[in-house]
Amino acid sequence: MRRVLLGGVIGGLPGMLIALVPLLLHDFGVISADASQIGFIGVPLLFIGVFAGTLIASADTGYGGLVLVGVAAGFVVGLAGGVAIDFALSAAGWNVAGVWLFVAPAAMIAGGVLGAWWGERGHTSHPTAA
């Protein structure tokens, strides 16, 4: 489980940095708004990195399929939950957007860890499962 958690975090870190660093530099007035648009490439890299990191971390465990299902379910639940939180905050008068960008990757990692936990408990069809 720990490997899957670290794999997801390390895999998503480059995308998160690419997405957030230009925005922070723009807020501090170091770069222009046009130059900060490069950060948008970090959004798909974040999700691809989390996906790849969790799967690579679980590659030799025998329950990579469970991790894959957990990551996919975490993506769907995290995206829906994050968008719902965004709508609820805007309805309450808070001008906060992009909560889904933090909720969805966290839910993906949590789903992968849950799949790894399920696999470590021996709930797989793998021939070497206990």
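Residues numbered from 1 in each chain as written. Predicted model: local features only at pLDDT ≥ 70, side-chain atom pairs only at ≥ 80, totals over all residues. Heavy atoms only, no water.

Draft legend 1. Spotlight on the overall build of the protein chain. Within the protein chain, the secondary structure is distributed over 5 helices and 0 strands. For the protein chain, the sequential pattern of α-helices and β-strands runs α-α-α-α-α. Considered along the principal axes of its C-alpha atoms, the protein chain spans approximately 55 × 30 × 15 Å. Evaluated residue by residue, the protein chain yields a buried proportion of 32% over its 130 residues. Of the contacts made within the protein chain by residues no fewer than 6 positions apart, 68% connect residues no fewer than 24 positions apart. Total accessible area computed for the protein chain in this model is approximately 7,700 Å², and 75% of it derives from carbon and sulfur atoms. (Helix = DSSP H or I, 4+ residues; strand = E, 2+ residues; numbered from the N terminus. Buried < 20%, exposed > 50% of the residue type's maximum accessible area, 1.4 Å probe, protein only. Contact = heavy atoms within 4.5 Å. Areas by Shrake-Rupley, 256 points an atom, 1.4 Å probe, with all protein chains shown as cover.)

Draft legend 2. View of the side chain of aspartate 86. Tracing the backbone shows aspartate 86 in helix H4 (residues 64-91). Within the structure, aspartate 86 has its side chain in polar contact with the backbone nitrogen of glycine 98 (distance 3.5 Å). Not counting chain neighbours up to four residues away, the residues in contact with aspartate 86 comprise Val96, Ala97, Gly98, Val99 and Trp100. (Polar contact = N/O pair within 3.5 Å; in protein donor to acceptor, adjacent residues only side chain to side chain.)

Draft legend 3. Up close: the packing of aromatic side chains. Per the stated rule, a full pass over the model turns up 3 aromatic pairs. When the ring of tryptophan 117 is compared with that of tryptophan 118, the centres are 6.2 Å apart and the planes differ by 55°; the resulting orientation is tilted. Among the residues examined, tryptophan 118 registers a relative accessible area of 39% and is labelled partly exposed. An aromatic cluster is built from Phe47, Phe75 and Trp100, whose rings are joined through pairwise contacts. (Phe/Tyr/Trp six-rings, centres within 6.5 Å; stacked < 30°, edge-to-face > 60°.)

Draft legend 4. Main features of H4. With 28 residues, H4 ought to run about 40 Å at 1.5 Å a step, and its terminal C-alpha atoms sit 40 Å apart, in line with that. All of the buried residues in H4 are Val67, Gly70, Val71, Gly74, Gly78, Gly82 and Asp86. Tucked into the core, H4 has its buried residues touching helix H1 (2-27), helix H3 (42-57) and helix H5 (100-120). In the segment just after H4, glycine 93 is the residue with positive phi, at about 95°. (Expected span 1.5 Å × (residues − 1).)

Draft legend 5. Layout of the environment of threonine 54. Mapped onto the secondary structure, threonine 54 falls in helix H3. On a C-alpha basis, the gap between threonine 54 and leucine 6 in space is 7.9 Å, while along the polypeptide they are 48 residues apart. Those residues in contact with threonine 54, other than ones at most four positions away along the chain, are Val4, Gly7, Gly8, Val67 and Val71.

Draft legend 6. Quick peek at the nonpolar core. With 13 residues, the main nonpolar core has Leu46, Phe47, Val50, Val67, Met108 and Ala116 as its most contacted residues. Where this core is concerned, the elements lending two or more residues are H1, H3, H4 and H5. The element best represented in this core is H5, accounting for 5 residues. Those residues within four positions of valine 50 in sequence are excluded, and the remaining contacts are Gly8, Gly11, Gly12, Pro105, Met108 and Ile109. (Core = buried A, V, L, I, M, F, W, Y, C linked by side-chain atoms within 4.5 Å.)

Draft legend 7. Seen up close, the packing of H3 against H5. At a minimum axis distance of 9 Å, the contact between H3 and H5 shows a crossing angle of 10°. The orientation of H3 with respect to H5, classified from their angle, is roughly parallel. Residues Val43, Leu46, Phe47, Val50 and Phe51 of H3 form the contact with H5, whose own contacting residues are Trp100, Leu101, Ala104, Pro105, Met108 and Ile109. Among the residues making up the contact of H3 with H5, the classes are represented as 11 nonpolar, no polar and no charged. (Axes fitted to C-alpha atoms, helices over the stretch in contact; angles between N-to-C directions. Parallel < 35°, antiparallel > 145°, perpendicular 65-115°, else oblique. Nonpolar A, V, L, I, M, F, W, Y, C, P; charged D, E, K, R; others polar.)

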